[in-house]
Amino acid sequence: MSYADNDTSDIQKAAEQANSQQIEENLKEGSSVDAPESLAGEEKTPFIDEELRTDK
C-alpha cells in the first residue's frame, strides 16, 4: 500500500462518499443492532462446498 500524497485509497474514497444523514440515522438509539439482517438468496453462501465434504 502506497502512502503518497496523491494516493486515493479505499478508505479515502469511502470517507469522501460518506453520507452524514445516513450515518446519523444508523446511529440513532433504538435501532436493533443485536439481530443480524436477513440475507438475500444470492448473498447466502455456504462456508463449505458440499461436493468437497468428507464427513457425510
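To be clear, the structure that these remarks concern was listed above.
In short, a report on the structure. Bear in mind that the values here come from a model prediction, so they are computed numbers and not experimental data. (Residues numbered from 1 in each chain as written. Predicted model: local features only at pLDDT ≥ 70, side-chain atom pairs only at ≥ 80, totals over all residues. Heavy atoms only, no water.)

### A word on the overall build of the protein chain
Our working rule: Helix numbers and strand numbers start at the N terminus; a helix is a DSSP run of H or I with at least 4 residues, a strand a run of E with at least 2. Think of it in three bands: residues with accessible area under 20% of the maximum for their type are buried, residues over 50% are exposed, and the middle band is partly exposed, with areas taken using a 1.4 Å probe on protein chains only. In short, Shrake-Rupley with a 1.4 Å probe defines the accessible areas, and a residue's cover is counted only from the protein chains shown.
On a plain count of helices and strands, the protein chain comes out with two helices and zero strands. Counting only residues that meet the buried cut, the protein chain has 2% of its 56 residues in that class. Accessible surface, the protein chain: about 6000 Å² in total, of which carbon and sulfur atoms supply 49%.

### A few points about the pattern of salt bridges
Quick note on the threshold: What makes a salt bridge here is a side-chain nitrogen of Lys or Arg within 4 Å of a carboxyl oxygen of Asp or Glu, nothing more.
For the structure shown, the criterion picks out one salt bridge. Of the charged contacts, one joins D55 and R53 as a salt bridge, the two residues approaching to 2.9 Å between their closest N and O atoms. Judged by relative accessible area, D55 falls into the exposed class, the value being 56%.

The analysis is restricted to geometry; functional conclusions fall outside its scope.
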